[in-house]
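Structural features, examined
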Amino acid sequence: MNFATSIFTVINLISAVAIVVLVLLQQGKGADMGAAFGGGGSSQSVFGSRGSATFLSQVTGGLAAVFFITSLSLAYIYTKESTVSRSVMAEQNESAESSGAGVNDPDAVSTDIPKIPESGN
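One structure accompanies this document, and this report is about it. Fair warning: this is a prediction, and the values are worked out from it, not measured in the lab.

Moving on, we come to the environment of Ser6. When you line up the elements, Ser6 lands in helix H1 (residues 3–25). In the structure, Ser6 is positioned 68 residues away from Leu74 in sequence and 9.5 Å away in space, judged by C-alpha atoms.

Set out below in structure tokens:
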């Protein structure tokens, strides 16, 4: 794993956690009805009567964009780093050849399968 992959992974995880937290902080659409009947003093807040919901929505949307970009970047990086898919048998044969043993030599490749004893008839 190279440096860029590590950075993208950290950014992706931080944005995912931040999205979850911001979504949980936001009020539902039904919460505005209480304020319409005089139940809320939210017009005195820093963001105004509707400002906090708009601000949190915009931050959540921005973090969602960052999450999608980092996810697609990680998918692209891992796709480029992966090799051509090969079978397990081809990899086993190459490892046996590189160790100097013959491919068809039964003593060269260690397996968990017991050998059949030769009959002396």
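Right, let's get into the side chain of Thr5. Looking at where Thr5 falls in the secondary structure, it is placed in helix H1. Overall, Thr5 belongs to the buried group, its relative accessible area being 0%. Residues in contact with Thr5, not counting those within four places in the same chain, are Leu74, Ile77, Tyr78 and Glu81.

Relative to the elements of secondary structure, Ser57 occurs in helix H3 (residues 51–81). Overall, the relative accessible area of 39% leaves Ser57 in the partly exposed class. C-alpha separation for the pair Ser57 and Leu22, spaced 35 residues apart in sequence, amounts to 8.3 Å.

About the cut-offs
- Residues numbered from 1 in each chain as written.
- Predicted model: local features only at pLDDT ≥ 70, side-chain atom pairs only at ≥ 80, totals over all residues.
- Heavy atoms only, no water.
- Helix = DSSP H or I, 4+ residues; strand = E, 2+ residues; numbered from the N terminus.
- Buried < 20%, exposed > 50% of the residue type's maximum accessible area, 1.4 Å probe, protein only.
- Contact = heavy atoms within 4.5 Å.

Purely geometric stuff here, so don't read any function into it on its own.
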